[in-house]
Amino acid sequence: MKAKIFSKNRIAAAVSVVLSTAALQPVLAGENDATTQADAIEIIEVRGIRGSLARSMDFKRESSGVVDAISAEEMGKFPDTNLAESLQRITGVSVSRANGEGSQITVRGFGPEFNLITLNGRQMPGSGFTRSYNLENLSSEGVSALEVYKTARAENPSGGLGATVNIVTTRPLQRPGEQFAIMGKALYDSSNEKGDDITPEFAAVYSNTFFDDRFGAAFTFSHHRRDFQRQQANIQGWQANVPLPSLDSQFVTDARPRDAEGNPIGNHFFPKDMNYSIEDLQRERTNGQLTLQYAPTDNLTLTMDYTASRSLTGLEVIGWGIWNEFGGNINAYELDERGTAIFADIGGNDGSFTASKGTTEVKARSIGFNADWQLHDDFRLQLDYHDSNNKTDNGADKGSGNWGQVILGSDQLITKIYDYRTGDIPQMEILWRNGTNVLQPGEIDSNFGQFIHSPGESEIKQLQLDGTWFNSRFNLPLLEIKGGVARTEQNFGGWNAWSGLRGGPGFNPSFREIFPDSMFTLNSTRNFLDQFQGGGTNMLTNYYYTFDFDEAVARQMAFLTADVMGSDAFVPDAYFNGITSQSSVKEVTNSIYLQSAWEFDVGSYPVQLNAGLRYEETDVTSTVRQRVERQVNWESASEWIMQYEQGEDTFLTLTGKHDVFLPMFDVRVELTDDLIGRFSWGKTISRAPLGALAGGRSLSGSPRPGARSGGQGNTNLQPFESSNLDLTLEYYYAEGSYAAIGYFRKNVDNFIQTTITDITIDGLHDILNGPRYNQAVADIEARGEQATSTAIFEQMLANGHGNADGRIEPTAQDPLIVWSISQPQNTDSKSVDGVEIAWQHLLGDTGFGFGANATFVNGDVKFDTESLEQQAPLSGLSDSANLQLFYEKDGLSVKVTYAWRDSYLIGVGQAQGSSDAPPQFARQYTQWDLSVNYDINPQLTVFFEGINITNATERGYGRYEEQFLFARQYGPRYALGARYRF
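Definitions and cut-offs
Residues numbered from 1 in each chain as written. Predicted model: local features only at pLDDT ≥ 70, side-chain atom pairs only at ≥ 80, totals over all residues. Heavy atoms only, no water. Salt bridge = Lys/Arg side-chain N within 4 Å of Asp/Glu carboxyl O. Helix = DSSP H or I, 4+ residues; strand = E, 2+ residues; numbered from the N terminus. Buried < 20%, exposed > 50% of the residue type's maximum accessible area, 1.4 Å probe, protein only. Phe/Tyr/Trp six-rings, centres within 6.5 Å; stacked < 30°, edge-to-face > 60°. Core = buried A, V, L, I, M, F, W, Y, C linked by side-chain atoms within 4.5 Å. Contact = heavy atoms within 4.5 Å. Polar contact = N/O pair within 3.5 Å; in protein donor to acceptor, adjacent residues only side chain to side chain. Patch = residues over 30% accessible without salt bridge, like charges linked within 9 Å, V, L, I, M, F, W, Y side chains within 5 Å. Areas by Shrake-Rupley, 256 points an atom, 1.4 Å probe, with all protein chains shown as cover. Arc of directions from axis to C-beta. Pairing = 2+ DSSP bridges. Axes fitted to C-alpha atoms, helices over the stretch in contact; angles between N-to-C directions. Parallel < 35°, antiparallel > 145°, perpendicular 65-115°, else oblique. Nonpolar A, V, L, I, M, F, W, Y, C, P; charged D, E, K, R; others polar. pLDDT = per-residue confidence, 0-100.

Before going further, it helps to spend a moment on the pattern of salt bridges. One pass over the full model with this rule turns up 52 salt bridges. With a closest N to O distance of 2.7 Å, E316 and K194 form a salt bridge. With a gap of 122 residues between them, E316 in strand 15 (residues 300-323) and K194 in the loop between strand 8 (179-189) and strand 9 (198-210) connect regions that are remote in the sequence. Here K194 falls in the exposed class, since its relative accessible area comes to 56%. Here R807 ties to E635 by a salt bridge, and the two come within 3.9 Å at their closest N and O atoms. You can see R807 sitting in the loop between helix 9 (789-798) and strand 39 (819-826) and its partner E635 sitting in strand 30 (residues 629-636), a full 172 residues away along the chain. In this structure, R807 and E635 share a single accessibility class: buried.

This is the structure we're talking about:
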């Protein structure tokens, strides 16, 4: 049997493979080809940073195509505390963060939904109703290596258009004997206010073999808890080209360029709201893995493994801010040269204080079986099956079963100010009718509460059969032919239940008396967002009220009953109106592949060629719950609520189908003993987002003016299909040291673009600009008053147009609502290209070393900020760079890491943005981390970790940086711990 490596590197490669626990093709939970070759070799394992870097470099050097890897420094110790944080050390990989931790990866500019995560070669389900896998939910202690395949491979499951990331876990028969490691540490998060200042993390990894190494068992367990606080300023969305009133010039500053007639050129934009929040979180993560292996003969290995994870995140939020309407509500404004409002004086609506509470649970489990049978020297057979699922539930609060929010405040204001002319964060101020800019506790009223439950589940069942024929009989440069078939069933589903706006909405009638003054605590903004210019005590509104969520719910339940409120009774139940929406998508994919490996010389240059073809056929079935819309009521000055017909909902089932051919080939040339050149070409795919595949039409349940929107899926969407070209030059000039430069290009067909069509629907009439609405405007202006939305609503009630509950219902005399319906469609092709550079260097025996890499990407997939047309950009595209400096000698290791990511497009569409689906961008981000390890003796190590030691913050914006979207502040985290092994 020939190994798929160059002959002069056979022994080095065998040792490398054993140490990295990774074969030259993806591991399918079986034994490595090189195990028997390595039995007679005495292996001295090099632990620590240098050993990890050396194993990763050897794996990269001996692999076909463009592949990178990260190896554990020793059993139970991965280079970073989070798998996503580790992956960003790889050239071309950058991370997106959740709660200040690495969560999902972007590879070569392609975001999480374009990358495939596998566990020991098995395709893993996304988190909830999504294809994206959240890496922060998986502990690193049981992981021995991470492999990143950037070029196509026929044998890999499809879905990794950007890359396929294989997580390799401990296999006991690959490391015979008893091994044990236990770790414990105390975590201090400097942002914490309500939880414990010190929280625990502990892990244990055990592996052993028995019966002359015929049977092996490995077990991993870990538990992590973190209590922390997130502070945030936020705007939900920007509205384009809202009506501007005719104002005296002293109240208007418009810096836009002018045409020949003196009219401003370009669009203008106003913020829909401005709010701030303090979020206290408690997060727990528990992981466990059991692997059993049995080798009844030298040629057969049976492996069964079970992996389970559970993360629980509890969240309590207090917030405050303003809600804006437009048109006649604008009293004064200042626009910059691109039309963005950097100052606005807006009347009407309300200012509010909110409290939210909820718990989200993510549970994942995977059980798999693998049989690896070497039938004889020339043929190997592998059978692999796994059943994996991932469930997300945001109603895991045992007390309520909901995510809940209570909004209290007042509409008794004269005007509201939005100001972003200075500082890092916008400011807001309210002038209340009490003559001050401070609302008194006794003036705080009930607005509404809302409760949501939206669980989701993703499941994969996959059966794979692979066979490999090794050429030992024919005098050909052919090393092997590998082929296989697979069947993959993926089921994604979820539903949403929304209570509606309970206990209101609005402040009419008033219920201030149900909230005693003692319920509210006045707080200073002294320590709020103090890492930003304009935060802390410098905020224009430098106070906020806090109140207890449970008390606010209990008081409203007691007072705002059905006897008082009718159908608007305060009931904290997401299912008050039943299930709001429900959808599921089932994908069944049958695939077959053939892949060959060749080795020959061209002149004096050893060449390795890998070529293959994968064919897949996928059937898609979408099932969507359909509700029949009846009418839209105007229920308060700022709330419009959809009403539905009573009775059973119906289910709409649609089907789709697609097939793909995915050819590939890799060429690897040893130009010298130390210089390797690579050329790769192949096709990869990523399937359409699940939400886009779910058929049926849905309309907004809260269709405020400017947000009369809806969506419709497309079950026949074709997958993104990319033709990939890679050219790489790698120079391995010393032990553990190398430099590499590569060029890549991806031409992607079937890009998905959302098109918007304006429609009307018979029977859905619009109170806005109807005859009764216009009469109310005339009545208000006749009195010389401003026709704000609050004034218009109250005037319509005074004119007798409200129902028994004080809500305004449409009539047949009102015009039909114009809905902006969005639907995804496959469109044109787009391309991305870039350059990757990497340099890893060990400074001899000094103990010092470094690793640095950078990726520069470009393409015709960027968002055109000047256009209001629907667009199909690529989210996640950005340059990135990483640096790792370390010292490791005489039992001491010190490592400093730096990660930088340039600004990038998070996605299109804002929660309260206009129907043109405006963008969300993230500003550039940098983070410094530190770790120090000291070996007290060969078994015991103590360590210190510092994460985000410079207290980096996150910021985001819309079309332009002046269109602020969010600013988030966390804080540095530190850990002190010990690790024991034998």
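This part is about the packing of aromatic side chains. If you walk through the whole model with that rule in mind, you get 37 aromatic pairs. Taken together, a centroid distance of 6.2 Å and an interplanar angle of 35° make the contact between F202 and F221 tilted. Of this pair, F202 sits in strand 9 while F221 sits in strand 10 (residues 215-234), and the two are 19 residues apart along the sequence. For F221, a relative accessible area of 31% corresponds to the partly exposed category. Ring geometry for W320 and F528: centres 5.0 Å apart, planes at 55°, overall tilted.

Among the nonpolar cores identified, the biggest contains 49 residues, and M274 and F547 are the most heavily contacted of them. Of all the elements, strand 49 (residues 964-969) adds the most residues to this core, at four residues. Among all residues touching F547, those that are not within four sequence positions of it are I318, F353, T354, A355, V406, L408, M519, F520 and A552. One finds V632, W640, A791 and I808 within the second-largest nonpolar core, a separate group that totals 24 residues.

Looking at the element boundaries, S737 is found in strand 37 (residues 737-749). Sequence separation of S737 and R783 is 46 residues, and the distance between their C-alpha atoms is 81 Å. What S737 contacts, discounting residues up to four positions off in sequence, is M57, Y731, Y732, Q840, H841 and L842. Engagement of the side chain of S737 in a polar contact is seen with the backbone nitrogen of L842, the distance being 2.9 Å.

What follows covers the side chain of E101. Within the secondary structure, E101 is located in strand 3 (residues 101-107). E101 gets classed as buried once you look at its relative accessible area, which sits at 8%. At 2.9 Å, the side chain of E101 forms a polar contact with the side chain of R226. Setting aside anything within four residues of it in sequence, one finds E101 in contact with N82, E85, S96, R226, R283 and R973.

With that settled, consider a nonpolar patch on the surface. A contiguous nonpolar surface patch, about 750 Å² in accessible area, is contributed by F202, F219, F221, L290, L292, M304, Y306, I367 and F369. Listed by contribution, the elements that provide at least two residues to the nonpolar patch are strand 10, strand 14 (273-297), strand 15 and strand 18 (350-376). Summarising the element assignment, M304 is placed in strand 15.

For the rest of this paragraph, the subject is helix 5 (residues 549-559). Buried within helix 5 we find F549, A552, V553 and Q556. Viewed along the axis of helix 5, the buried residues span an arc of 100°, placing them on a single side of the element. Where helix 5 is buried, its residues touch strand 18, strand 20 (403-410) and strand 23 (445-453). Looking at where helix 5 begins, the residue whose side-chain oxygen comes 3.2 Å from the main-chain nitrogen of D550 is D548.

Moving on: the sheet that holds strand 7 (residues 164-169). The strand order across the open sheet built from five strands is 1-6-7-4-5, with neighbouring strands paired in mixed fashion. If you trace the sheet from one side to the other, it starts and ends with strand 1 (67-71) and strand 5 (122-123), each paired once.

Time to look at the pairing of strand 6 (residues 143-149). In terms of burial, strand 6 is largely enclosed, as seven of its seven residues are buried. In terms of strand pairing, strand 1 meets strand 6 through five bridges, oriented antiparallel. By the bridge assignment for strand 6, I70 is matched with L146. Relative to strand 7, strand 6 runs antiparallel, the two sharing six bridges. Looking across to strand 7, one finds that A145 is bridged to V168.

Right, let's talk about the pairing of strand 37 for a bit. Taken together, the twelve bridges between strand 36 (residues 720-734) and strand 37 define a ladder with antiparallel strand orientation. Paired with E730 across the bridge in strand 37 is A740. The antiparallel hairpin formed by strand 36 and strand 37 contains two residues in its connecting segment, where G736 sits at a positive phi of about 75°. Looking at chain direction, strand 37 and strand 40 (residues 830-842) are connected through eleven bridges and run antiparallel. Bridging across to strand 40, F744 finds its partner in G834.

Turning to unusual backbone geometry, a few remarks are in order. Cis geometry is found at the peptide bond from N508 to P509, where omega equals 10°. With respect to the helices and strands, P509 occurs in the loop between strand 25 (478-498) and strand 26 (521-524). Not every positive phi belongs to a glycine, and N349 is a case in point at roughly 65°. Overall, the relative accessible area of 2% leaves N349 in the buried class. Of note, N948 is a non-glycine position whose phi angle comes to about 55°, a positive value. The topology assignment puts N948 in the loop between strand 47 (940-947) and strand 48 (954-957). What makes N948 buried here is its relative accessible area of 4%.

One can describe the packing of helix 8 (residues 771-782) onto helix 9 by two numbers: an axis separation of 9 Å at closest approach and a directional angle of 105°. Our classification of the angle between helix 8 and helix 9 gives roughly perpendicular. Counting all contacts with helix 8, which are made through R772, Y773, A776, V777, D779 and I780, the residues of helix 9 involved are A791, I792, Q795 and M796. Here the contact of helix 8 with helix 9 is built from residues that sort into seven nonpolar, one polar and two charged.

Another point: the environment of G859. As for its placement among the helices and strands, G859 is situated in strand 41 (residues 848-859). Linking G859 and L877, residues 18 residues apart in sequence, is a C-alpha distance of 8.7 Å. Apart from the residues lying within four places of it in its own chain, the contact partners of G859 are S831 and V832.

Another point: the confidence of the model for the protein. Of all residues in the protein, 95% attain a pLDDT of 70 or more, and the chain-wide mean is 89. Mean pLDDT per element in the protein: helix 1 (residues 10-20) is the minimum at 37, and strand 49 is the maximum at 97. In the predicted structure, residues 1-44 sits below a pLDDT of 50 and forms 113 contacts with residues beyond four places in sequence or in another chain.

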